[in-house]
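# Secondary and tertiary structure notes
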Amino acid sequence: MRHKNWLGLGASIILGMIFCISGMGKLFAEVELFETSFPGFLDFLTLDQVRLLFHGLPYVELAIGLLLITGFATKLIAALTSLLIAGFIASNVWFITHGMGFEPCGCLGFFDRLFQSRLTTQQSLYLDMAMLALILITLLCYQRGFTNIYPWFLKRD
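Residues numbered from 1 in each chain as written. Predicted model: local features only at pLDDT ≥ 70, side-chain atom pairs only at ≥ 80, totals over all residues. Heavy atoms only, no water.

### A few points about the overall build of the chain
Assigned secondary structure in the chain consists of six helices and zero strands. For the chain, the succession of helices and strands along the chain, N to C, is α-α-α-α-α-α. Looking at the chain as a whole, 39% of its 157 residues are labelled buried. Here the contacts in the chain between residues at least 6 apart in sequence split such that 72% fall between residues at least 24 apart. Carbon and sulfur atoms form 69% of the exposed surface of the chain, whose accessible area is close to 9,400 Å². (Helix = DSSP H or I, 4+ residues; strand = E, 2+ residues; numbered from the N terminus. Buried < 20%, exposed > 50% of the residue type's maximum accessible area, 1.4 Å probe, protein only. Contact = heavy atoms within 4.5 Å. Areas by Shrake-Rupley, 256 points an atom, 1.4 Å probe, with all protein chains shown as cover.)

### Examining the confidence of the model for the chain
Per-residue confidence for the chain gives a mean pLDDT of 82, with 83% of residues at or over 70. Element-level mean pLDDT values for the chain span from 47 in helix α2 (residues 34–37) up to 93 in helix α6 (residues 121–141). (pLDDT = per-residue confidence, 0-100.)

### Re the packing of aromatic side chains
On inspection of all chains with the given rule, the structure shows one aromatic pair. With centroids separated by 5.3 Å and ring planes inclined at 80°, the aromatic side chains of Trp 94 and Phe 95 adopt a geometry described as edge-to-face. Judged by its relative accessible area of 9%, Phe 95 is buried. (Phe/Tyr/Trp six-rings, centres within 6.5 Å; stacked < 30°, edge-to-face > 60°.)

### Some words on α6
Taking 1.5 Å per residue as the helical rise, α6 with its 21 residues ought to reach 30 Å, and the 30 Å between its terminal C-alpha atoms agrees with that figure. Residues of α6 that are buried include every one of Thr 121, Ser 124, Leu 125, Asp 128, Met 131, Leu 134, Ile 135, Thr 138 and Cys 141, and no others. Check the buried side of α6 and you find it contacts α1 (2–28) and α4 (74–97). (Expected span 1.5 Å × (residues − 1).)

### What about the side chain of Asn 92?
Tracing the backbone shows Asn 92 in helix α4. In this structure Asn 92 comes out as buried when scored by relative accessible area, which is 5%. Not counting residues up to four positions away in its chain, the partners in contact with Asn 92 are Thr 121, Ser 124, Leu 125 and Asp 128.

### Quick notes on a nonpolar patch on the surface
Judged by side-chain polarity, Met 24, Leu 27, Phe 28, Tyr 59 and Phe 110 come together as a nonpolar surface patch covering roughly 490 Å² of accessible area. On the secondary structure map, Met 24 appears in helix α1. Looking at Met 24, the relative accessible area reads 35%, which means it is partly exposed. (Patch = residues over 30% accessible without salt bridge, like charges linked within 9 Å, V, L, I, M, F, W, Y side chains within 5 Å. Salt bridge = Lys/Arg side-chain N within 4 Å of Asp/Glu carboxyl O.)

### Regarding the nonpolar core
Nonpolar side chains tend toward joint burial in soluble globular proteins. Within the largest apolar cluster, 16 residues are counted, with the highest numbers of intra-cluster contacts made by Leu 15, Phe 19, Leu 68 and Ile 85. The biggest single contributor to this core is α4, with five residues. When neighbours within four sequence positions are excluded, Ile 85 is seen to be in contact with Phe 19, Asp 128, Met 131, Leu 132 and Ile 135. (Core = buried A, V, L, I, M, F, W, Y, C linked by side-chain atoms within 4.5 Å.)

### Remarks on unusual backbone geometry
Of note in the backbone geometry, Ala 73 takes a positive phi value of approximately 50° without being a glycine. Its place among the elements puts Ala 73 in the loop between α3 (47–70) and α4. The class of Ala 73 is buried, set by a relative accessible area of 11%.

### Section: α3
Its 24 residues place the ends of α3 35 Å apart at the C-alpha level, agreeing with the 34 Å of an ideal helix rising 1.5 Å per residue. Along α3, the helix axis deviates most sharply at Gly 56, where the bend reaches about 35°; the proline Pro 58 sits within four residues downstream. For α3, the complete set of buried residues consists of Val 50, Phe 54, Leu 57, Pro 58, Glu 61, Leu 62, Ile 64, Gly 65 and Leu 68. Of the residues trailing α3, Gly 71 is marked for its positive phi of about 95°. (Bend = angle between axes of the 7 residues up to and from the residue.)

Below you can see the structure in the form of structure tokens.
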């Protein structure tokens, strides 16, 4: 039983680190709007909604990452994060089905240039599926309850 708890904690910390790296990378990068680069994508949103989405997403990712790493409401945050990951998977599938599977996705922002390797949309889809698996491991193996908001490093009473 003890190894199961460590597995859940490790999965949540790794997931949180991925979100922190992605969010920080997008904050430090020049944000370009995707509706000019990929016509047809997000046509159902207005220009202001697209700007809000792409300028607000790094802050959301950073907040999710910090909450997962510190362990505040980990299971609840992981469950809500699955909706965000489902959106990422849907957008990657859209890009792949429209022939843009090998285009750089810009998912890591600044860190794409720092590591000098661009993550393609297809590779991003694989990363999103791995993140979905980490969410599942967190939900099944994390030691605290679903509504428990106390971080992992504080003792339980």
